[in-house]
Amino acid sequence: MARLLIIDDNPLRGQQLLHVLQRRRHTVQVTRCCSEALRLSEHRRPHAVLLDLNLPPRQGVELRGFLRHCAPAPVVVRGEEQQIIPALHAGAAGYMPASCSAELAALHLHTLYLGDADEPDVEVGGLRISVRCHRVTVDGQEVDLRPTEFRLLLHLARCNGRVVSRAELAEQLWDDRRPHAERTVNVHLSALRRKLGERAARPRYVHSVHGVGVRLRAP
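An account of the accompanying structure is given in this report. No experiment lies behind these values; they were computed from the predicted model shown.

## A closer look at the sheet that holds strand 6 (residues 122-124)
1) Next: One open sheet holds the 4 strands; their spatial order is 6-7-8-9, and the pairing between them is antiparallel. Looking at strand neighbours, the two that pair on one side only are strand 6 and strand 9 (141-143), the edges of this open sheet. In this sheet, neighbouring strand axes are inclined to one another by 25° on average, regardless of whether the strands run parallel or antiparallel.
2) Next: Two elements, strand 6 and strand 7 (residues 127-130), share 3 bridges in a ladder whose sense is antiparallel. Across the sheet, the residue bridging to V122 is I129, located in strand 7.
3) Next: Strand contacts of helix 6 (residues 147-158): strand 6, strand 7 and strand 8 (135-138), with the helix running at about 110° to strand 7, the strand carrying the most contacts.

## Some details on helix 8 (residues 181-195)
1) Next: End to end, helix 8 covers 22 Å across 15 residues, agreeing with the expected 21 Å (1.5 Å per residue, within 8%).
2) Next: Inspection of helix 8 places A181, V185, H188, L189, A191, L192 and R193 among the buried residues, and these make up the whole buried set.
3) Next: Of the surrounding secondary structure, the elements contacted by the buried residues of helix 8 are helix 6, helix 7 (166-174), strand 10 (206-209) and strand 11 (213-216).

## Description of empty space enclosed by the protein
1) Next: Enumeration over the complete set of coordinates arrives at 1 cavity of 30 Å³ or more.
2) Next: Taken as a whole, the largest cavity spans an internal volume of roughly 40 Å³.
3) Next: Those elements giving two or more residues to the lining of the largest cavity turn out to be strand 1 (3-7) and strand 2 (27-31).

## Observations concerning the nonpolar core
1) Next: Grouped together as the largest cluster of nonpolar side chains are 30 residues, with contacts concentrated most on L127, I129, L153 and L216.
2) Next: The dominant element in this core, judged by the number of residues it contributes, is helix 6, at 6 residues.
3) Next: With near-sequence residues (within four places) excluded, L127 lies in contact with V122, V136, T137, V138, L153, L196, Y205 and L216.
4) Next: C34, L67, V75 and V77 belong to the second-largest nonpolar core, a separate cluster that totals 18 residues.

## Side note on the packing of helix 2 (residues 34-44) against helix 3 (residues 63-70)
1) Next: Packing of helix 2 against helix 3 leaves a shortest axis separation of 9 Å and a crossing angle of 20°. Judged by the angle between their axes, helix 2 and helix 3 are roughly parallel. As helix 2 packs across helix 3, the resulting crossing turns out to be left-handed. Together, C34, A37, L38, S41 and E42 of helix 2 and F66, H69 and C70 of helix 3 make up the contact between the two elements.

Calculation notes
- Residues numbered from 1 in each chain as written.
- Predicted model: local features only at pLDDT ≥ 70, side-chain atom pairs only at ≥ 80, totals over all residues.
- Heavy atoms only, no water.
- Pairing = 2+ DSSP bridges.
- Helix = DSSP H or I, 4+ residues; strand = E, 2+ residues; numbered from the N terminus.
- Axes fitted to C-alpha atoms, helices over the stretch in contact; angles between N-to-C directions.
- Contact = heavy atoms within 4.5 Å.
- Expected span 1.5 Å × (residues − 1).
- Buried < 20%, exposed > 50% of the residue type's maximum accessible area, 1.4 Å probe, protein only.
- 1 Å grid on protein atoms, 1.4 Å probe; cavity = no way out; pocket = protein on both sides within 12 Å on 5 of 7 lines; lining within 4 Å.
- Points joined across faces, edges and corners; volume = space filled by probe spheres on them.
- Core = buried A, V, L, I, M, F, W, Y, C linked by side-chain atoms within 4.5 Å.
- Parallel < 35°, antiparallel > 145°, perpendicular 65-115°, else oblique.
- Left-handed = near helix turned anticlockwise from the far one by under 90°.

Here you go:
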């Protein structure tokens, strides 16, 4: 089970998603305004947040501030393409189209962002990833990762040293099959390396295989 927070001004859509997610045994809270969502996020610490980008202006908040407040929980945005792109640049972990059904939205959340709440910690050398606490440490020192960086690192760790193409990462983590999606992967890989204290020229954990992809392995 996971704790989920849904912010949606459409009561019918919010209730449909609530019922679908509850059938999957998740604990779900639905609110129609961001001010209440901020309070719920602080007290309930959700594992993931779904934010409707079509909220009326009086109910919305500055997006970057909202994303920082909800961290480390991934915030998945829902809206039209012209709304989604700036939200992703602001730090949203992922997106869903405005037309996405409740069943498909629930499946998308579960598959890409929740995983198994009981999954044991993943260790690669001195790197430790706690799925339950959404926490990463390197040699005992905590690393402050954004939700997208956390999911990228976890996916690489779950591949057990296998080389993963950037196209696969884009599809698995962002459900993005567009040709230029690999550029997005490169941006997040660069940020992840920097926070792990390494760079592509001198990798420690994240290694590039020229013309193939990347893999995570112990030093």
